[in-house]
Amino acid sequence: MAKRNFSSKRNAIYNAVCGTDTHPSARWVYDKLKPEIPDLSQRESIKHYLMTTKEHPTADTVYMHVKKEFPNISLGTVYRNIALFKDEGKVSVICNVNGEERIDGNTEPHPHFVCNKCKAVIDVEDNQNADDLESQLAEEGFKVENRFVIYYGICPKCSAEVH
């Protein structure tokens, strides 16, 4: 049987299924292809870290954290999974600090503070009632689809170090 021109994963599945005289179960195909399928727990580990951390990490920070559990993971895998999570709306990019995207696993609208000195990105409370502002904008004909509030300055930790 001629090899079809698919991606390597599709080729492996196609060849595994077509190389038998029976109709294999999904479990049989999975067991046969297990060495060729990326470890999905890497994705879950990346996702779990992003959903539970409050530090708004860069992809490099995520990589260094997940690498402790999965020493063979590549930085490319981390970038691809973060891109997937962004597309799925599971994480958002808050801002770029020193040319690196800072990722937030909390996709609910909330304000942030970026320290100009230590480059920390911190969740902050905003006492302004954003719902009132959105209602006012709607009355004026605006349709709010999303909001981002970012404050820039010096964080309390860096301020204390100066004095």
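Above: the structure in question.
Residues numbered from 1 in each chain as written. Predicted model: local features only at pLDDT ≥ 70, side-chain atom pairs only at ≥ 80, totals over all residues. Heavy atoms only, no water.

> Help me out: how do you make sense of the pattern of salt bridges in this one?
In a structure, side chains of opposite charge can pair up when their charged atoms sit close to one another. According to the stated counting rule, one finds 3 salt bridges in the structure shown. Notably, a salt bridge pairs Lys-90 with Glu-88, separated by 2.9 Å at the nearest N-O pair. A residue is classified by how much of its surface remains accessible, and Glu-88, at 41% relative accessible area, is partly exposed. Between Lys-143 and Glu-145 there is a salt bridge, and its shortest N-O distance comes to 3.8 Å. (Salt bridge = Lys/Arg side-chain N within 4 Å of Asp/Glu carboxyl O. Buried < 20%, exposed > 50% of the residue type's maximum accessible area, 1.4 Å probe, protein only.)

> Looking at this structure, how should I read the environment of Gly-153?
Counting through the fold element by element, Gly-153 comes out in strand β5 (residues 150-153). Of the residues examined, Gly-153 reaches a relative accessible area of 15% and is grouped as buried. As for Gly-153 and Lys-117, which are separated by 36 residues in sequence, their C-alpha atoms are 8.0 Å apart. What Gly-153 contacts, discounting residues up to four positions off in sequence, is Phe-113, Val-114, Cys-115, Asn-116 and Lys-117. (Helix = DSSP H or I, 4+ residues; strand = E, 2+ residues; numbered from the N terminus. Contact = heavy atoms within 4.5 Å.)

> Please explain helix α5 (residues 75-87) as it appears in this structure.
Side chains three or four residues apart in an α-helix point the same way, a direct result of the helix having 3.6 residues per turn. The end-to-end C-alpha separation of α5 is 19 Å, in line with the 18 Å expected for 13 residues at 1.5 Å each. Taken together, the buried positions of α5 are Thr-77, Val-78, Asn-81, Ile-82 and Phe-85. The buried residues of α5 occupy an angular sector of 130° when the element is viewed end-on, so they sit on one face. Turned more than 90 degrees away from the buried face of α5, the exposed residues are Arg-80 and Asp-87. Gly-89 lies just past α5 and shows a positive phi near 80°. (Expected span 1.5 Å × (residues − 1). Arc of directions from axis to C-beta.)

> I'm lost on the sheet that holds strand β4 (residues 121-123) in this one. Help?
Two orientations exist for strands paired in a sheet by backbone hydrogen bonds: parallel and antiparallel. With respect to topology, 3 strands assemble into an open sheet ordered β4-β3-β5, the strand pairing being mixed. Because the sheet does not close on itself, it has two edges, and the strands there are β4 and β5. Pairwise comparison of adjacent strand axes, ignoring direction, gives a mean angle of 25° for this sheet. By the bridge criterion, 3 bridges tie strand β3 (residues 112-115) to β4 in an arrangement that is antiparallel. Across the sheet, the residue bridging to Val-114 is Val-121, located in β4. (Pairing = 2+ DSSP bridges. Axes fitted to C-alpha atoms, helices over the stretch in contact; angles between N-to-C directions.)

> Please explain the nonpolar core as it appears in this structure.
Here is a general trend for soluble globular proteins: nonpolar side chains tend to be buried in one another's company. Counting residues in hydrophobic clusters, the biggest one holds 14 residues, and the most contacted among them are Ile-46, Leu-50, Val-62, Val-66, Ile-73, Val-78 and Ile-82. The leading source of residues in this core is helix α4 (residues 59-67), at 4 residues. Listed in part, the 5 residues of the second largest apolar core include Ile-94, Cys-95, Val-114 and Val-121. (Core = buried A, V, L, I, M, F, W, Y, C linked by side-chain atoms within 4.5 Å.)

> Is there a simple way to explain the environment of Glu-69 in this structure?
Examined against the element boundaries, Glu-69 turns out to sit in the loop between α4 and α5. A relative accessible area of 52% places Glu-69 in the exposed class. Here Ser-45 takes part through its side chain, which lies 3.0 Å from a polar atom of the side chain of Glu-69. (Polar contact = N/O pair within 3.5 Å; in protein donor to acceptor, adjacent residues only side chain to side chain.)

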